[in-house]
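These are the residues of each chain, in order.
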Protein chains: 4
Amino acid sequence: MILDKSLIEQHNQANQSLHKKKFEALSAVLSGEGHDVKTILEKIAAFQIAIPSWALGTGGTRFGRFAGGGEPRSLEEKIEDVGLLHALNQSSNSISLHIPWDIPKDPKAITQLAASFELGFDAVNSNTFQDQADQKESYKFGSLSHTDKAVRDQAIQHNIDVIRHGVDLGSKALTIWLSDGTDFPGQQNFRRMFERTLDSIQQIYAELPADWKVLVEYKPYEPHFYSTVIADWGTSLLFCNKLGEKAVGLVDLGHHLPNTNIEQIVSRFLMEGKLGGFHFNDSKYGDDDLTVGSIKPYQLFLIFNELVEGMSSPEIKNPELSWMIDASHNIKDPLEDLLQSVEAIKIAYAQALIIDRPALEKAQAENDATLAQEIMQNAYRTDVRALLAEARQQAGAALNPVAFYRESKIREQLVSQRGAKSFATGL
Amino acid sequence: MILDKSLIEQHNQANQSLHKKKFEALSAVLSGEGHDVKTILEKIAAFQIAIPSWALGTGGTRFGRFAGGGEPRSLEEKIEDVGLLHALNQSSNSISLHIPWDIPKDPKAITQLAASFELGFDAVNSNTFQDQADQKESYKFGSLSHTDKAVRDQAIQHNIDVIRHGVDLGSKALTIWLSDGTDFPGQQNFRRMFERTLDSIQQIYAELPADWKVLVEYKPYEPHFYSTVIADWGTSLLFCNKLGEKAVGLVDLGHHLPNTNIEQIVSRFLMEGKLGGFHFNDSKYGDDDLTVGSIKPYQLFLIFNELVEGMSSPEIKNPELSWMIDASHNIKDPLEDLLQSVEAIKIAYAQALIIDRPALEKAQAENDATLAQEIMQNAYRTDVRALLAEARQQAGAALNPVAFYRESKIREQLVSQRGAKSFATGL
Amino acid sequence: MILDKSLIEQHNQANQSLHKKKFEALSAVLSGEGHDVKTILEKIAAFQIAIPSWALGTGGTRFGRFAGGGEPRSLEEKIEDVGLLHALNQSSNSISLHIPWDIPKDPKAITQLAASFELGFDAVNSNTFQDQADQKESYKFGSLSHTDKAVRDQAIQHNIDVIRHGVDLGSKALTIWLSDGTDFPGQQNFRRMFERTLDSIQQIYAELPADWKVLVEYKPYEPHFYSTVIADWGTSLLFCNKLGEKAVGLVDLGHHLPNTNIEQIVSRFLMEGKLGGFHFNDSKYGDDDLTVGSIKPYQLFLIFNELVEGMSSPEIKNPELSWMIDASHNIKDPLEDLLQSVEAIKIAYAQALIIDRPALEKAQAENDATLAQEIMQNAYRTDVRALLAEARQQAGAALNPVAFYRESKIREQLVSQRGAKSFATGL
Amino acid sequence: MILDKSLIEQHNQANQSLHKKKFEALSAVLSGEGHDVKTILEKIAAFQIAIPSWALGTGGTRFGRFAGGGEPRSLEEKIEDVGLLHALNQSSNSISLHIPWDIPKDPKAITQLAASFELGFDAVNSNTFQDQADQKESYKFGSLSHTDKAVRDQAIQHNIDVIRHGVDLGSKALTIWLSDGTDFPGQQNFRRMFERTLDSIQQIYAELPADWKVLVEYKPYEPHFYSTVIADWGTSLLFCNKLGEKAVGLVDLGHHLPNTNIEQIVSRFLMEGKLGGFHFNDSKYGDDDLTVGSIKPYQLFLIFNELVEGMSSPEIKNPELSWMIDASHNIKDPLEDLLQSVEAIKIAYAQALIIDRPALEKAQAENDATLAQEIMQNAYRTDVRALLAEARQQAGAALNPVAFYRESKIREQLVSQRGAKSFATGL
């Protein structure tokens with residue numbers, strides 16, 4: 001379905017008066033604190049978060065999956081869904097494909113379709129954590145790290161194929177989430193697993209086009225429950241350094257042990273010029289893949305504090321970042337969940353933008369922890385939602401995307417088009 | 001397949017000489033320490049651990065499942081598999097069924113089949129964490145705790161049906177693992193979820209036969225990632241106390257937050273006379289469902305220390321316990337994994353039996369932590385495997401069940417009978 | 001030192017214009033959402049959080065302590081410090097004493113001194129986790145749970161003494177934080193430790209005046225690292241139920257295992273009518289005792305959501321709660337830290353007050369997780385600081401207490417009075 | 001006190017008969033499995049674990065310290081205590097000093113005293129986590145990472161002084177445990193803390209003698225509770241790589257987040273040739289500093305599995321390792337605790353030595369997880385204590401050191417010499 005933009009205008013008109021009051025009050029406060037509201041609005045508007053193709057359908061756990069209705073049944077419909085999101089909030093101008101779930105049969109047509117929604121293609125993702133029906137070798141005991149060269153070769157070739165699909169679509173990065181690991185002590189030799197994996201990724205790396213990156217994701221456990229080859233940021237960095245300039249780390253917020261200080265990891269990666277991007281989500285226990293900002297919004301703000309500080313620092317030589325949501329929508333409408341996630345990310349970003357940095361640096365230089373906290377909390381406690389709404393309105397998007405989505409009965413229309421029992425490919 | 005017992009005798013004969021040496025050396029040491037080896041052997045032999053029907057097939061994660069071959073295709077074949085295990089180690093004389101995966105169409109025939117393998121039926125398990133194809137109401141947002149009475153009624157009726165199936169088979173307990181919970185703050189009111197759940201279980205409780213128990217399992221998270229209705233032992237105990245005498249708690253070793261002292265929870269349940277039983281498995285991160293004893297064998301020993309002490313104490317008024325394995329065999333042959341799990345459980349039990357209790361009590365009375373540790377570690381560091389082997393041999397089982405299973409090519413026979421692509425019902 | 005109230009007026013005058021703009025904009029929004037701002041202000045003003053006497057000096061870790069200057073040298077000076085805090089924010093009208101650190105030699109004079117600052121006395125705290133110089137028996141191996149009756153008797157008597165001191169001062173509750181536990185498996189029998197502890201607390205309970213409560217705190221570890229007698233809320237509740245009506249649980253936010261859902265525990269205690277009060281602080285790893293709200297502000301809000309909902313529900317029969325800060329000020333000025341903590345608590349409270357409860361209940365009834373999240377986040381994302389400032393101003397306190405404290409150079413005055421090397425009694 | 005060696009002989013004589021039976025039975029089993037018992041005995045005997053000077057007195061927590069009697073009152077008495085331990089088990093031929101607690105006034109005399117007990121000096125340890133009485137600058141806000149150059153310079157100079165003390169004594173390594181970190185978000189800029197720290201350690205590094213190493217320890221939290229500069233192995237490795245060849249990582253078993261796979265970290269360090277050594281202890285929750293092997297003995301075995309495999313692999317170019325105990329003896333006699341710790345370490349080592357490596361490698365190559373587990377558990381379940389006892393006896397040490405220590409009333413003699421209220425310097 002293609003959104004009638006006049007509906008958005010009507011929605012904005014109806015909510016204009018309240019929004020204006022809020023925005024003006026906030027602008028006055030921020031200006032009073034020395035901020036240039038116009039610049040902040042431009043930064044917020046420019047910030048775009050990619051949508052992964054697998055996040056458009058209902059997710060599940062190992063215990064079950066409770067499908068929703070109107071899920072996209074094809075790559076074309078997935079692009080349509082991201083187009084819808086982008087029309088609603090003007091904040092997601094690209095889609096991240098997963099191979100083999102989203103192999104584009106006619107890349108040119110797909111690129112044109114995406115362009116018609118003002119969308120491009122973010123990083124492409126390979127999959128060697130599942131066996132496909134027609135697959136010769138099994139990944140039961142690993143893929144790029146497997147003891148058997150035939151399995152490794154198959155997994156290497158798959159990644160090269162993914163790069164080629166990406167090239168066809170204009171992607172500029174390959175994301176490798178390598179689930180390889182072990183479930184029992186002694187099952188494998190850790191060092192040899194590392195070495196085989198390095199050798200495999202080196203072969204993939206050799207096939208990267210000149211302007212591409214490879215994003216090396218890490219995760220401590222799941223789907224394996226004793227060890228993972230790329231378990232933490234330290235291992236990811238080790239791989240990146242051994243691979244070369246095009247290899248950078250990818251931080252998925254849910255891929256950490258309990259109590260990890262993720263914002264410091266972000267700082268370390270940036271310091272080394274090796275931060276490649278993010279998979280945003282939220283979690284309380286493990287890789288829960290909940291809506292971004294729904295559990296630990298302050299942590300999200302602290303991560304953006306690092307990003308805003310780091311990316312603007314002349315000391316940092318880090319490539320452009322990939323921003324992506326990676327959540328699992330087990331009980332919410334996926335599109336609503338994605339709207340909430342994007343909102344939370346941009347709130348954290350906006351709050352990080354209004355931190356009084358010169359004052360903070362001074363407090364840090366003086367070891368004034370009380371004042372540093374006051375400065376951080378002043379930014380975090382500020383209600384910046386009117387900034388986001390204003391940026392959206394200026395870009396032609398909805399003041400309140402979730403409300404608009406519901407008023408316009410978009411899900412109902414998708415169900416009537418696609419059926420109540422459609423199933424998106426994916427997990 | 002039915003095991004030819006003469007093969008076991010051959011295996012035992014071939015391993016006799018080494019076994020005898022080990023057993024005699026161990027017996028001498030234990031006798032020297034004042035233990036009655038004969039009594040210990042009897043206790044080890046008498047200890048039986050139930051096998052859940054769903055543990056006989058390959059498990060999986062939300063990311064995938066890599067099936068093995070020769071999985072049981074029917075309830076009959078599952079019983080056959082448990083019969084095999086029992087023949088191999090004489091330690092698993094019952095099976096725990098899961099409804100609706102294992103509905104017995106002809107209970108009498110099933111009971112006879114089980115009896116032919118010297119098997120009975122342990123607790124029956126209900127399932128309200130998945131939707132079945134023909135189900136009217138969905139459990140997407142809960143079952144016994146659901147806001148909608150129609151859903152609750154369906155889930156209550158299902159549990160009552162499960163009791164009836166259990167009665168037909170001679171089971172004496174219903175296990176309720178209630179996965180109900182929430183994924184987001186604010187999604188539900190915690191108190192009302194508790195109250196609705198209590199009301200539902202009370203209705204189920206009312207249908208329990210006089211000699212039955214209901215086992216109330218707890219788990220902090222998964223499949224829901226913000227809250228679970230029965231999240232911890234405290235909540236389980238609260239339910240049991242409100243329900244009545246037939247309600248007892250069930251401890252699954254993987255259902256705890258990081259660093260939990262599980263053995264103290266076991267002690268608390270026992271003290272209150274409310275320990276119902278165990279789901280044995282092992283884990284490093286969450287509910288990893290690994291082979292029992294493969295990650296934290298000392299913790300397992302400490303749990304058995306509580307059980308041996310508690311169950312023999314005249315102060316404790318606790319009903320008989322249900323012992324069951326609940327693991328997920330993602331990469332191992334399920335039957336081999338179960339043999340290893342049973343062995344680990346019995347090792348921990350045997351080690352707990354040889355703790356010098358009078359000396360330990362004295363060290364405790366004198367706050368002699370060094371000595372208490374020496375006593376505990378002396379038992380734990382003793383290699384008790386020859387005791388287990390001897391108890392098995394005396395019962396007609398194999399000295400080394402895993403080795404025998406491989407020598408006899410049992411899996412190969414099952415594959416040839418059932419096919420390389422058979423799939424057990426279950427997760 | 002006694003604060004010159006005209007200084008506060010000057011401060012408020014200087015900040016009036018900006019405050020007024022913020023407050024009016026916020027009031028308009030809240031009124032538009034259907035809230036009665038006047039009622040909210042009254043509730044915020046009425047909410048008082050007790051200050052523990054030991055939080056007025058610099059804290060430390062086992063590795064060291066870095067003292068600040070101007071710490072209170074006596075009970076009188078501690079009362080003075082709390083008086084200062086109360087004058088600054090009108091939110092802490094009581095002090096919680098710790099015996100033996102704060103034994104009032106002349107209770108009448110102390111009570112009068114406190115009254116002169118408009119302060120009363122909150123719960124009194126016993127200490128059986130340290131040996132005092134003149135103490136006969138040692139608590140090295142426990143106190144109320146000790147194997148030796150002489151030690152238990154001494155600890156019981158100490159608690160009774162604490163009650164008597166409390167009676168003299170007008171306190172109405174005894175807080176027992178029992179650090180007793182073990183460091184090694186086997187060191188003690190869990191059940192007997194529980195039983196001895198129960199017997200000890202029963203004897204203390206028998207000495208409680210009719211209108212008193214005993215607050216039973218729980219903590220999983222530290223200072224003992226294998227087990228703690230009262231390790232979790234389940235054990236705390238078990239004790240409370242065995243003790244009687246006057247026994248209620250106390251929740252210290254830092255006393256939980258990683259990833260615990262504390263707000264659900266709050267709900268459970270309230271449901272059972274057994275919530276006694278709080279020790280507020282924040283933490284990332286363990287019992288870090290950081291400034292309230294400095295690490296997980298959203299969790300704090302979710303806890304207040306339970307409290308606001310629960311305390312206003314006719315179904316709940318729970319006694320009045322004790323609210324107290326319990327933090328360790330290792331690197332900040334203790335008074336500044338306490339001002340920040342009180343602010344964070346009241347922000348969470350105010351945000352919980354503006355949750356649209358009828359809408360939330362409707363969303364819950366309809367399992368609309370997206371909408372429930374929108375409602376919760378709408379309250380949380382609202383910048384309520386102007387409400388707090390207005391409530392303070394109306395009560396004669398400072399619009400911005402931390403800024404005022406610094407402008408007025410209060411710490412400098414305390415240092416000049418008490419010295420740069422004064423040391424508060426305590427940890 | 002100096003131990004009368006004839007007492008050890010008497011003890012061994014009295015326990016000879018039982019020991020001999022156990023050792024012979026074990027030897028027969030191991031020989032039958034293809035092991036060369038003599039070589040294993042030699043390896044066990046050669047393995048020496050250093051004792052830190054601060055572990056000879058009673059430890060404490062931030063809540064208190066319960067001193068024992070007979071603690072060493074001087075560096076000389078500390079050396080005497082390690083001499084005692086070494087005489088008892090012939091497994092600790094060196095001591096690790098902590099400056100400024102153990103500044104040797106007459107290094108030559110101290111070296112001779114140590115030599116008289118057959119002791120040398122292991123790594124020396126600097127201390128910038130506490131302020132000393134005569135210190136000019138305070139470490140309240142950090143040392144090597146401090147914002148103020150004067151503080152950093154003082155901390156650098158202290159480390160250089162420590163090196164010089166070490167040179168005098170024949171040490172070959174400096175251990176830096178840098179406690180620097182922050183307690184609140186925003187308190188410092190993570191990157192600049194790293195850079196200042198690197199600059200500081202580079203200056204220390206420049207003063208290392210040619211044959212020295214610097215051991216870079218990591219720890220995620222405590223004494224700071226938001227961030228630590230050297231928080232994890234990844235940061236430690238980053239520092240080591242930037243510093244140069246002499247810089248290697250140090251693994252303290254208690255310095256990890258919950259659920260960390262430590263053995264894989266050991267493998268990664270070894271692979272990079274950057275493993276410097278260990279601080280052995282055990283823990284359930286955090287840096288609990290309990291007796292080695294008292295909580296997670298299987299994890300200790302798995303770590304030694306990596307060490308035995310890695311150190312014998314021709315692929316690994318890693319320098320010699322430093323082995324040290326680092327525990328806190330809060331409730332046990334420190335000497336007894338150390339004897340238990342050394343025993344646990346050597347048990348793990350011996351078990352790792354008897355892993356059937358060719359069979360394990362074959363199982364790994366074939367992805368036979370069941371068999372790999374059988375092989376690992378066969379080694380771990382073997383009761384190797386008789387091997388340790390035999391190695392001790394052959395070296396002139398006691399068959400059962402703890403029993404001998406108690407029979408000989410060594411602590412009582414120390415108390416009578418040093419007093420019941422002596423206090424070791426240290427924490």
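Residues numbered from 1 in each chain as written. Chains lettered and ligands numbered in written order. Predicted model: local features only at pLDDT ≥ 70, side-chain atom pairs only at ≥ 80, totals over all residues. Heavy atoms only, no water.

Asker: Quick question: what am I supposed to make of the pairing of strand β7 (residues 173-176) of chain B here?
Answerer: On a regular strand, each side chain points to the face opposite its neighbour's, so the side chains alternate between the two faces of the sheet. Residues and elements named next belong to chain B. Burial of β7 is two-sided: the residues A173 and T175 facing one way and the residues L174 and I176 facing the other way are all buried. A crossover links strand β6 (residues 124-125) with its parallel partner β7, the connecting element being helix α6 (residues 149-169), and its sense is right-handed. Note: β7 against strand β9 (residues 213-217), 4 bridges, orientation parallel. When the bridges of β9 are listed, L174 appears paired with V214. (Buried < 20%, exposed > 50% of the residue type's maximum accessible area, 1.4 Å probe, protein only. Helix = DSSP H or I, 4+ residues; strand = E, 2+ residues; numbered from the N terminus. Right-handed = clockwise from strand over helix to strand, strands pointing away. Pairing = 2+ DSSP bridges.)

Asker: Would you take a moment to explain the nonpolar core for this structure?
Answerer: Proteins that are soluble and globular tend to have nonpolar side chains buried together. Ranked by size, the top nonpolar core spans 528 residues in total, and within it A:F304, B:F278, B:F304, C:F278, C:F304 and D:F304 carry the most contacts. Among residues more than four places away in sequence, those in contact with B:F278 are B:L250, B:V251, B:L253, B:V266, B:I303, B:L307, B:L321, B:S322, B:W323 and B:M324. (Core = buried A, V, L, I, M, F, W, Y, C linked by side-chain atoms within 4.5 Å. Contact = heavy atoms within 4.5 Å.)

Asker: Please clarify how the sheet that holds strand β5 (residues 120-121) of chain B should be interpreted in this entry.
Answerer: For sheets, the rule is that strands pair by backbone hydrogen bonds, running either parallel or antiparallel. Residues and elements named next belong to chain B. Here 3 strands make up an open sheet; going across it, the order is β1-β4-β5 and the pairing parallel. Across the chains shown, the open sheet's two edge strands, defined by having one partner strand only, are β1 (51-52) and β5. By the bridge criterion, 2 bridges tie β1 to strand β4 (residues 94-96) in an arrangement that is parallel. Its bridge partner being in β4, I51 is matched across the sheet by I95. Sheet strands touched by helix α4 (residues 75-89): β1, β4 and β5. Its angle to β4, the strand with the most contacts, is close to 140°. (Axes fitted to C-alpha atoms, helices over the stretch in contact; angles between N-to-C directions.)

Asker: Help me out: how do you make sense of the relation of the copies chain D and chain A in this one?
Answerer: To go from the first copy of the chain to the second, apply a rotation about an axis and then a shift along the same axis. The two copies are related by a screw motion: chain D maps onto chain A through a turn of 180° and a shift of 0.0 Å along the axis, at an RMSD of 0.0 Å. Such a turn and shift between the copies fits a two-fold axis. Across chain D, the smallest distance between a C-alpha and the rotation axis is recorded for D:G234, namely 2.0 Å. Interface overlap between copies is the fraction of interface residues in one copy that are interface residues in the other; for chain D against chain A it reaches 100%, indicating a shared surface. (Least-squares fit on C-alpha atoms with pLDDT ≥ 70 in both.)

Asker: I tried to follow the pattern of salt bridges on my own but got confused; where do I start?
Answerer: Note on pairing: side chains with opposite charge can pair once their charged atoms come close. Under the counting rule described, the total for this entry stands at 107 salt bridges over all chains. Among the salt bridges present, the one from A:E366 reaches A:K362, with a minimum N-O distance of 3.4 Å. Given the relative accessible area of 47%, A:E366 is considered partly exposed. Residue C:E309 pairs with B:R191 through a salt bridge whose shortest N-O separation is 2.9 Å. Placement of the pair is C:E309 in helix α10 (residues 297-311) and B:R191 in helix α7 (residues 190-205), with the two residues belonging to separate chains. Residue classification places C:E309 among the buried positions, given a relative accessible area of 10%. (Salt bridge = Lys/Arg side-chain N within 4 Å of Asp/Glu carboxyl O.)

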